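# Chain and residue survey
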Amino acid sequence: MAYICKKHALKLPSFASVLAVTLCLFSCSAQVNSIQSVSASVIFDYSDLNSPPSVSLSVFAQPAYDAQRVASVSIASIETGWEWKSDRPVVLPSKRDNGWAGFLNCVPESGKELPQGSYMFFCTDLAFDSSDTAFSVSYPRELLTLNQKDAVDFVTSRGGFVYNTALYDSDGTLLYYGEQDADRNRYPTARSKRTFLVSQGLNIICMLSKEKI
């Protein structure tokens, strides 16, 4: 069963900027068939204080060549056979390395859980040369039904986490992403914020509900 990755509720450039900062936390070495590493993180997105989150998977690969040469990507869950494809992958360029290419928002079929276990990542460049490598996905199933407060308690009780803050203007454009205690006076046009609870140990990111400021 194949799916097309949906755009995230946040504006794509904003969420891509946030993920670019956190990618290095979750990357694992692959170095197979021109793919140097893969970064996979499960995103728990809370729309309010009381509802359980929506869940998606973000996956990026770092090729052995410039990531802007990546023409298409796909991932497949080995256990379920589900597949996500994109002929317009998100590319995160980098001045330090080849950059990353992949997906921001892979969601399961409505009413289904995001598969855990083994996956394959497939990457095709502009010359139609293909590479693939394996990676795995895991997350605590308890988080699927917890509200925001209980989820924060659950994640923080396990340690290995950081809080980051994203500030947005009235149009939803990202103004700042970084440490939680940022100087708000430097961003006078900020109108809302979201707190990101990033768990390195669990390979997950909890996007807490938007707050007006």
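Residues numbered from 1 in each chain as written. Predicted model: local features only at pLDDT ≥ 70, side-chain atom pairs only at ≥ 80, totals over all residues. Heavy atoms only, no water.

### Examining the overall build of the chain
When helices and strands are tallied, the chain shows two helices and 15 strands. Split into buried and exposed, the 213 residues of the chain put 50% on the buried side. Of all intrachain contacts in the chain linking residues separated by at least 6 positions in sequence, the fraction that spans at least 24 positions is 61%. Just so you have it, the chain exposes about 10700 Å², and 48% of that area is on carbon and sulfur atoms. (Helix = DSSP H or I, 4+ residues; strand = E, 2+ residues; numbered from the N terminus. Buried < 20%, exposed > 50% of the residue type's maximum accessible area, 1.4 Å probe, protein only. Contact = heavy atoms within 4.5 Å. Areas by Shrake-Rupley, 256 points an atom, 1.4 Å probe, with all protein chains shown as cover.)

### Details of the packing of aromatic side chains
Overall, the coordinates contain seven aromatic pairs when judged by the stated rule. Note on phenylalanine 44 and tyrosine 139: the rings are 6.0 Å apart at their centroids and 70° apart in plane angle, and the pair reads as edge-to-face. Of this pair, phenylalanine 44 sits in strand β3 (residues 35–45) while tyrosine 139 sits in the loop between β10 (130–137) and α2 (148–156); the two residues are 95 residues apart in sequence, bridging distant segments of the chain. When sorted by exposure, phenylalanine 44 lands in the same class as tyrosine 139, which is buried. Between the aromatic rings of tryptophan 82 and tryptophan 84, the centroid separation amounts to 6.3 Å while the plane-to-plane angle is 70°, which identifies the pairing as edge-to-face. The same class applies to tryptophan 82 as to tryptophan 84, namely buried. Of the aromatic side chains, those joined through ring pairs into one cluster are Trp82, Trp84, Tyr119 and Phe135. (Phe/Tyr/Trp six-rings, centres within 6.5 Å; stacked < 30°, edge-to-face > 60°.)

### Observations regarding the pattern of salt bridges
A pair can form between side chains of opposite charge whenever their charged atoms are brought close. One pass over the structure, following the stated rule, counts four salt bridges. Between arginine 194 and aspartate 45 there is a salt bridge, and its shortest N-O distance comes to 2.6 Å. Within this pair, whereas arginine 194 is found in strand β13 (residues 192–199), its partner aspartate 45 is found in strand β3, the two being separated by 149 residues in sequence. Both residues of the pair, arginine 194 and aspartate 45, count as buried. Across the pair glutamate 113 and arginine 141 runs a salt bridge whose closest N-O atoms are separated by 2.6 Å. Of this pair, glutamate 113 sits in the loop between β8 (100–106) and β9 (117–125) while arginine 141 sits in the loop between β10 and α2, and the two are 28 residues apart along the sequence. (Salt bridge = Lys/Arg side-chain N within 4 Å of Asp/Glu carboxyl O.)

### Some words on the pairing of strand β4 (residues 54–63)
Counting buried positions along β4 yields nine of ten residues, so the element is predominantly enclosed. Alignment of β3 against β4, held across ten bridges, turns out to be antiparallel. Counterpart to serine 37 in the pairing with β4 is glutamine 62. Strand direction decides the pairing type here: β4 and β8, joined by four bridges, are antiparallel. Its bridge partner lying in β8, leucine 57 is registered against cysteine 106. (Pairing = 2+ DSSP bridges.)

### Regarding the confidence of the model for the chain
Averaged over all residues, the pLDDT of the chain is 86; the fraction at 70 or higher stands at 85%. Within the chain, α2 carries the highest mean pLDDT (97), whereas strand β2 (residues 27–32) carries the lowest (50). Low pLDDT, under 50, characterises residues 6–13; the stretch is placed with 16 contacts to residues that sit more than four places away or in other chains. (pLDDT = per-residue confidence, 0-100.)

### Things to note about the environment of serine 72
Tracing the sequence through the fold places serine 72 in strand β5 (residues 70–77). The spatial distance from the C-alpha of serine 72 to the C-alpha of serine 86 is 5.7 Å, given a sequence separation of 14 residues. When sequence neighbours within four positions are dropped, the list of residues in contact with serine 72 reads Ser86, Asp87, Pro89, Phe122, Cys123 and Thr124.

### What about the nonpolar core?
Formed by 37 residues in total, the largest nonpolar core has its most connected members in Val42, Phe44, Leu57, Ile75, Phe121 and Phe135. Listed by contribution, the elements that provide at least two residues to this core are β3, β4, β5, β8, β9, β10, α2 and β14 (204–207). At five residues, the largest contribution of residues to this core is made by β3. Among the nonpolar cores identified, the runner-up in size contains nine residues, and Ile43, Tyr168, Leu174 and Val198 belong to it. (Core = buried A, V, L, I, M, F, W, Y, C linked by side-chain atoms within 4.5 Å.)

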